[in-house]
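Spelled out from the first residue to the last, the chains are:
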Amino acid sequence: MTLTVLPDQANSADADVAHRPMTVLVVDDQDAARVALAAVLDRAGHRVLEAHNASWAMELFIRHRPDVVLLDVEMPGYNGYWLARQLRAVENGGWTPILFLSVHAGDQDLWQGIEAGGDDYLVKPVRTAVLLAKLRAMQRLMEMRQRLVSMSEELREANAQLMDLSETDALTGLVNRRGFNRRLHQALLQARRDARPLTLFLCDIDHFKAYNDEVGHVEGDACLRQVAQVLQAACQRPLDCAARYGGEEFALILPDTPKSGAMTLARTLAHLLQQRALPHPASSVSPWLTLSGGITTCVPDGTSTAESLVLRADEALYVAKTRGRNRFFSFEMQVDTLESRGAGPRAGVPRPGADAPPQP
Ligand SMILES: Nc1nc2c(ncn2[C@@H]2O[C@H](COP(=O)(O)OP(=O)(O)OP(=O)(O)O)[C@@H](O)[C@H]2O)c(=O)[nH]1
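How each quantity is defined
- Residues numbered from 1 in each chain as written.
- Predicted model: local features only at pLDDT ≥ 70, side-chain atom pairs only at ≥ 80, totals over all residues.
- Helix = DSSP H or I, 4+ residues; strand = E, 2+ residues; numbered from the N terminus.
- Contact = placed C-beta atoms within 7 Å.
- Buried ≥ 20, exposed ≤ 12 C-beta atoms within 10 Å, placed from the backbone.
- Pairing = 2+ DSSP bridges.
- Right-handed = clockwise from strand over helix to strand, strands pointing away.
- Near = placed C-beta within 6 Å.
- Nonpolar A, V, L, I, M, F, W, Y, C, P; charged D, E, K, R; others polar.
- Core = buried A, V, L, I, M, F, W, Y, C linked by C-beta atoms within 7 Å.
- Axes fitted to C-alpha atoms, helices over the stretch in contact; angles between N-to-C directions.
- Parallel < 35°, antiparallel > 145°, perpendicular 65-115°, else oblique.
- pLDDT = per-residue confidence, 0-100.

**A few points about the overall build of the protein chain**
Reasoning step 1: Across its full length, the protein chain holds twelve helices and 13 strands.
Reasoning step 2: Contacts in the protein chain between residues far apart in sequence, at least 24 positions, make up 67% of those at least 6 positions apart.

**Topic: the pairing of strand S5 (residues 98-102)**
Reasoning step 1: Burial runs high along S5: five of the five residues are buried.
Reasoning step 2: The alternating pattern of S5 places Ile-98, Phe-100 and Ser-102 and Leu-99 and Leu-101 on opposite faces, both of which are buried.
Reasoning step 3: Looking at chain direction, strand S4 (residues 68-72) and S5 are connected through four bridges and run parallel. Bridging across to S5, Asp-72 finds its partner in Leu-101.
Reasoning step 4: Regarding the hand of the β-α-β motif, the stretch spanning S4, helix H4 (residues 80-90) and S5 is right-handed.
Reasoning step 5: Two elements, S5 and strand S6 (residues 120-123), share four bridges in a ladder whose sense is parallel. For Phe-100, the partnering residue across the bridge sits in S6 and is Tyr-121.

**A look at the site of the ligand**
Reasoning step 1: In the vicinity of the ligand lie 17 residues, with Phe-208, Lys-209, Gly-220, Gly-247 and Glu-248 positioned nearest.
Reasoning step 2: Within the residue set of the shell around the ligand, elements represented by two or more residues are strand S8 (198-205), helix H8 (208-215) and helix H9 (217-234).
Reasoning step 3: Partitioned by chemical class, the residues of the shell around the ligand number five nonpolar, five polar and seven charged.

**As for unusual backbone geometry**
Most peptide bonds adopt trans geometry, and most residues besides glycine take a negative phi value.
Reasoning step 1: In the segment running from Lys-124 into Pro-125, the intervening peptide bond is cis, with an omega of -5°.
Reasoning step 2: As for its placement among the helices and strands, Pro-125 is situated in the loop between S6 and strand S7 (126-127).
Reasoning step 3: Its identity is not glycine, yet Asn-92 carries a phi of approximately 55°, on the positive side.
Reasoning step 4: Structurally, Asn-92 is set in the loop between H4 and S5.
Reasoning step 5: Phi is positive for Ala-195, close to 55°, though the residue is something other than glycine.

**Concerning the environment of Asp-314**
Reasoning step 1: Along the polypeptide, Asp-314 turns up in helix H11 (residues 306-322).
Reasoning step 2: Among the residues examined, Asp-314 registers 17 C-beta atoms within 10 Å and is labelled partly exposed.
Reasoning step 3: Sequence separation between Asp-314 and Phe-331 is 17 residues; the distance between their C-alpha atoms is 9.2 Å.
Reasoning step 4: Setting aside its immediate chain neighbours within four residues, Asp-314 contacts Leu-202 and Gly-294.

**Examining the nonpolar core**
Reasoning step 1: With 50 residues, the main nonpolar core has Leu-200, Ala-243, Ala-251, Ile-295 and Ala-313 as its most contacted residues.
Reasoning step 2: Tallying contributions element by element places helix H10 (residues 259-276) first for this core, with seven residues.
Reasoning step 3: In this structure, Ile-295 is in contact with Thr-199, Phe-201, Ala-262, Ala-266, Ala-313, Ala-316, Phe-328, Phe-329, Ser-330 and Phe-331, ignoring residues within four places of it in sequence.

**Remarks on the packing of H8 against H9**
Reasoning step 1: At their nearest, the axes of H8 and H9 sit 7 Å apart, and the two run at 135° to each other. When the axis of H8 is compared with that of H9, the two are oblique. Each of Tyr-211, Asn-212 and Val-215 in H8 lies in contact with H9, whose residues at this interface are His-217, Glu-219, Gly-220 and Cys-223.
Reasoning step 2: Along the lines of polarity and charge, the residues of the contact of H8 with H9 split into three nonpolar, three polar and one charged.

**Considerations on the confidence of the model for the protein chain**
When pLDDT drops low, the exact placement of atoms in the prediction is not to be read closely.
Reasoning step 1: Across the protein chain, pLDDT averages 90, with 89% of residues at or above 70.
Reasoning step 2: Counted against residues more than four places away or in other chains, residues 9-18, with its pLDDT under 50, gives 17 contacts.
Reasoning step 3: Overall, residues 342-360 carries pLDDT values under 50, and its contacts beyond four positions in sequence, including any with other chains, amount to 26 contacts.
Reasoning step 4: Across the interface, the model reports ipTM at 0.94; the global pTM reads 0.70.

**Structural notes on the sheet that holds strand S3 (residues 47-51)**
Reasoning step 1: Read across the sheet, five strands follow the order S3-S2-S4-S5-S6 without closing on themselves; strand pairing throughout is parallel. Two strands bound the open sheet, and with one partner strand each, they are S3 and S6. Averaged over all pairs of adjacent strands, the angle between strand axes in this sheet comes to 20°, irrespective of strand direction.
Reasoning step 2: Contacts between helix H6 (residues 128-166) and the sheet are confined to S4, S5 and S6, with S6 contributing the most and set at about 175° to the helix.

Okay, structure coming up:
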């Protein structure tokens, strides 16, 4: 029988209790050697799991996830190299130090052990001090790795937050222009892949300059926040996106939304705004705040680009403005929300009477 560990003359290693007790899986088919090794580890303050063969070791490893594995090479049936490979396979992104203990001292043996997934290779008999020092070194590596893992996790979270911040408009909390660009591009690619209609709205507050001039910029900012809330409320589906395009212009990206659905949503939007009844003291259109919007809808093909969509929505917005504001104009249908409802040219315009919001 080969003794696995040799006691130290000065016995100093026994006194060097590990900084943090570890759970050590000792795998050795030789009972006496394994028990001796377990006793040394136990004295050093570690918790020991013992396995006399590879399959039992595998079971203990999966069940207890030890901190370190001390692995004999020569075992009947599956040997230590085989076991090391299996342990690495079930680690699933983790890392458990594996130290081989072997009577074979050849370079080739050492090389084979490291290739099989071992982190160190000690030749038996191993002095207690050496073994405990190696365990301490492995523990230090594990702690460093743990720190790296948590640092990269923190970094990942910080990056995600930064990404969110860099795509959020500070005033309204909506997606900003940068986020809009990225989302529109993504939505376009997805709609092209799925051959589904994609709708883009560009909305603009009517006579907002006059609003600012009348009530001041602070109130103007508050008004932008209110409009943002209305737009957000109109976005009912998880992939719908409301963005502040710039200044008093907003955009809605509406995946899987056909022309008819877009017109319905435009009316819903006008209705939601109407319900808020935000007074506009300087509008020639209505006593309340109103929006004009340009709508474009397409099933994108190879020639469709985000720029072409924005151009069409912008052109439609221009038509909505020139037709008298407080309406949404569809580029493809060449009608606005007032015409398409078929309820007369001024239908949908907030005015005193049945359709009008309560006087604030
Ligand atoms: N309070 C406030 N005002 C803003 C902000 N961004 C843009 N504006 C104002 O929005 C106004 C936009 O004016 P215009 O482009 O002339 O448009 P409008 O007065 O709404 O006229 P129409 O669009 O033709 O109805 C300008 O007075 C800008 O100063 C903002 O963040 N806060």
